[in-house]
Amino acid sequence: MPRVLILCTHNSARSQMAEALVRAAARRGLALEVHSAGTEATRVKPEAAVVMAELGLDLSGHTSKTLWDVPDAQRFDYVVTVCDSAAAGCPVYPGQTERRHYPFVDPSGGSLDRWRAVRDQLELQFEAFVQALQAGQAAPPSYVDSPAVPVA
């Protein structure tokens, strides 16, 4: 079963939402082990839980954690960073790990509409990610290269 890690700075918003979205998309026909982590741990932001609940996805059991809190932290098939800071601070992985960088705006401090906009972008991107894996294709190499995400 492929293992996926979604990495952000604090594991408080974008990576948490992406983890829930990938799990939900994978349940529709792809066995994946999905984790999220941060380069440092804080807390899951309540706004993330609110906007994900609107999609029927529950973050109440999620906790903010660092990479080293994740089981078998050096063995992932895909490591996806969702912010530039995490991409810069991401550790080196063995050769079999494929890295992807899909940067998203940090919704922290913004309105719920901003949170929803980021959630919707994450949903499009990670739906494309899961669809590619389901089709036996490589995951989109970048956010811009994803066919499911319109380029502004």
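None of these values were measured; they are calculated from a predicted model.

Trainee: Even after reading the chapter, I still don't get the overall build of the chain, so can you show me in this structure?
Mentor: Counting its regular elements, the chain contains four helices and four strands. Ordered by position from N to C terminus, the α and β elements of the chain give β-α-β-α-β-α-β-α. Of all 152 residues assigned to the chain, the portion counted as buried reaches 48%. Restricting the contact set of the chain to residue pairs at least 6 apart, pairs at least 24 apart contribute 66%. Carbon and sulfur atoms make up 53% of the accessible area of the chain, which totals about 7100 Å².

Trainee: What is the right way to read helix H4 (residues 112–134) from this model?
Mentor: Each α-helix winds once per 3.6 residues, and so residues spaced three or four apart point in a common direction. The first and last C-alpha atoms of H4 sit 32 Å apart over 23 residues, in line with the 33 Å expected at 1.5 Å per residue. All of the buried residues along H4 are Trp 115, Val 118, Arg 119, Leu 122, Gln 125, Phe 126, Ala 128, Phe 129, Val 130, Ala 132 and Leu 133. Each element contacted by the buried residues of H4 is listed here: strand E1 (3–8), helix H1 (14–26), helix H2 (46–53) and strand E3 (78–81). One or two positions beyond H4, positive phi appears at Gly 136, with a value near 75°.

Trainee: For this particular structure, what's the right way to read the pattern of salt bridges?
Mentor: It is possible for side chains of opposite charge to pair when their charged atoms get near one another. Following the criterion strictly, the structure yields 10 salt bridges and no others. With its nearest N and O atoms 2.5 Å apart, the salt bridge here joins Glu 127 to Arg 28. One end of the pair, Glu 127, is in helix H4; the other, Arg 28, is in the loop between H1 and strand E2 (33–38), and 99 residues separate them in sequence. For Glu 127, a relative accessible area of 23% translates into the label partly exposed. Judged by relative accessible area, Arg 28 falls into the exposed class, the value being 53%. Residue Asp 120 is joined to Arg 119 by a salt bridge in which the shortest nitrogen-to-oxygen separation is 2.9 Å. Using a relative accessible area of 7% as the deciding quantity, one classes Arg 119 as buried.

Trainee: Looking at this structure, how should I read the pairing of E2?
Mentor: Regular strands show a simple pattern: their side chains alternate between the two faces of the sheet. Of all the six residues making up E2, five are buried; the element is thus mostly covered by neighbouring parts of the structure. Two strands pair when backbone bridges link them, and E1 and E2 are joined in this way by six bridges, in the parallel orientation. Along E2, the bridge assignment pairs Val 4 with Val 34. For the crossover that starts at E1, traverses H1 and ends in the parallel E2, the hand is right-handed.

Trainee: Mind showing me how you'd approach the packing of aromatic side chains here?
Mentor: Aromatic ring pairs: the centre-centre distance and the angle between the two ring planes describe each pair. This model, assessed by the stated rule, comprises four aromatic pairs. Pairing Tyr 78 with Phe 129 gives two aromatic rings, centres 5.4 Å apart and planes at 80°, and the pair type is edge-to-face. Of this pair, Tyr 78 sits in strand E3 while Phe 129 sits in helix H4, and the two are 51 residues apart along the sequence. The exposure class of Phe 129 is buried, given its relative accessible area of 0%. An aromatic cluster is built from Tyr 78, Tyr 102, Phe 126 and Phe 129, whose rings are joined through pairwise contacts. The cationic tip of Arg 3 hangs over the ring face of Phe 76; the distance from NZ or CZ to the ring centre is 4.2 Å.

What counts as what
- Residues numbered from 1 in each chain as written.
- Predicted model: local features only at pLDDT ≥ 70, side-chain atom pairs only at ≥ 80, totals over all residues.
- Heavy atoms only, no water.
- Helix = DSSP H or I, 4+ residues; strand = E, 2+ residues; numbered from the N terminus.
- Buried < 20%, exposed > 50% of the residue type's maximum accessible area, 1.4 Å probe, protein only.
- Contact = heavy atoms within 4.5 Å.
- Areas by Shrake-Rupley, 256 points an atom, 1.4 Å probe, with all protein chains shown as cover.
- Expected span 1.5 Å × (residues − 1).
- Salt bridge = Lys/Arg side-chain N within 4 Å of Asp/Glu carboxyl O.
- Pairing = 2+ DSSP bridges.
- Right-handed = clockwise from strand over helix to strand, strands pointing away.
- Phe/Tyr/Trp six-rings, centres within 6.5 Å; stacked < 30°, edge-to-face > 60°.
- Lys NZ or Arg CZ within 6 Å of the ring centre and 35° of its normal.

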